Amino acid sequence: MNILEVEHIGKSFEHTEVLKDICFSMEKSQVLSIIGSSGSGKTTLLRCLNFLEHADSGVIRVAGNVVFDADDKEYLKESVIRKNRLHFGMVFQSFNLFPQYTALQNVMLAKQLQAEKLPDFKSRKKEIFAEIEEEAKGYLTQMGLSERMNNYPHQLSGGQCQRVAIARALAMKPDILCFDEPTSALDPELTGEVLRVIKELAEQKMTMIIVTHEMAFARDVSDKVIFMDDGYVLEYGTPDEVFNHPKEDRTKQFLGRFIEG
């Protein structure tokens, strides 16, 4: 069964069409990488999946359930968006950590805010927050940050900040974890540590969508690859199909130097 189905998604900003009839699907535990040149629509597509942008047309389904339908205003209600957004975890290229909070507090915050809406929160606050803290510590330990939990973002390297951001996204237990160029803000020597974490998540069968410029990584870690150009999905297939046997001339041109290397 498909965990995600994207049907005929379109998005324009003023008179510029950024996404053009985007369709694809993916199965649970798969890793999907989205590649393409800057301005091809990759990040906008990811933002539409996370409801940070509202698509102008199309339907999105998660595990068979509609979470967005551009023709139904019900899905534009803030309460519905907040609920459906929980299906997706988002890791941004610029980390987006709160500087006034420690690594541990950054990972705990969203879960704490969510817990405050529980009917028995007041009577169980101490117990609930203790459970959230224990889980957050577990995710930070998984990210190799057990010694850095009480550090603030300015006391961490870029790679460590990105791993805190990954732990924060995992803490919400999303169906699909999304990465928007997770290494683009990092020095080359820090890129490897973040890519290793993502590869470990793939080995643990985490369902992921990764927008990336790291071609070798996309080829090695992905089950499926999308190549986007000018708002279209030009190629969609296995890494072997897209990287070694591309059908479109534009794909061949984009991948030319990588394939030759």
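In what follows, the accompanying structure is described. These numbers come from a predicted model, not from an experiment.

Each pair of aromatic rings is reported with the distance of its centres and the angle of its planes. Taken as a whole and assessed by the stated rule, the structure comprises six aromatic pairs. Between Phe51 and Phe68, the ring centres sit 6.4 Å apart and the planes meet at 45°, which makes this aromatic pair tilted. Within this pair, whereas Phe51 is found in the loop between helix H1 (42–49) and strand S4 (57–62), its partner Phe68 is found in strand S5 (residues 65–69), the two being separated by 17 residues in sequence. Phe51 sits in the buried class, given a relative accessible area of 4%.

Turning our attention to the nonpolar core. Counting residues in each nonpolar core, the largest one holds 43 residues, and the members touching the most others are Ile166, Leu177, Phe179, Leu201 and Met208. Put simply, the parts of the chain that give this core at least two residues each are helix H3 (103–115), helix H4 (121–142), helix H5 (158–171), strand S7 (176–180), helix H6 (188–203), strand S8 (208–211) and helix H7 (215–221). A total of eight residues in this core trace back to one element, the largest contributor, which is H5. Core analysis: the next-biggest nonpolar cluster, separate from the first, contains 31 residues, Leu4, Phe24, Ile60 and Cys178 among them.

Structurally, Asn151 can be placed in the loop between H4 and H5. Apart from the residues lying within four places of it in its own chain, the contact partners of Asn151 are Thr102, Ala103 and Leu156.

Rules of the game
Here, residues in each chain are numbered from 1, in the same order as that chain's written sequence. Per-residue local features are limited, in this predicted model, to residues with pLDDT of at least 70; the limit for side-chain atom pairs, both in listing and counting, is 80 or more; totals at the level of whole chains, interfaces and linings are taken over all residues. With hydrogens and water set aside, each side-chain value is computed from the structure's full complement of heavy atoms. The pairing test for Phe, Tyr and Trp rings, Trp by its six-membered ring, is centres within 6.5 Å, and the orientation test on the planes gives stacked under 30 degrees, edge-to-face over 60, and tilted for anything in between. Per the convention used, a helix needs a DSSP run of H or I reaching at least four residues, while a strand needs a run of E reaching at least two, with both numbered from the N terminus. Residue exposure (1.4 Å probe, protein chains only): buried if accessible area is under 20% of the type maximum, exposed if over 50%, otherwise partly exposed. As used in this record, nonpolar core signifies buried Ala, Val, Leu, Ile, Met, Phe, Trp, Tyr and Cys residues forming a set joined through side-chain atoms within 4.5 Å. Here, two residues are considered to be in contact whenever any of their heavy atoms come within 4.5 Å of each other.

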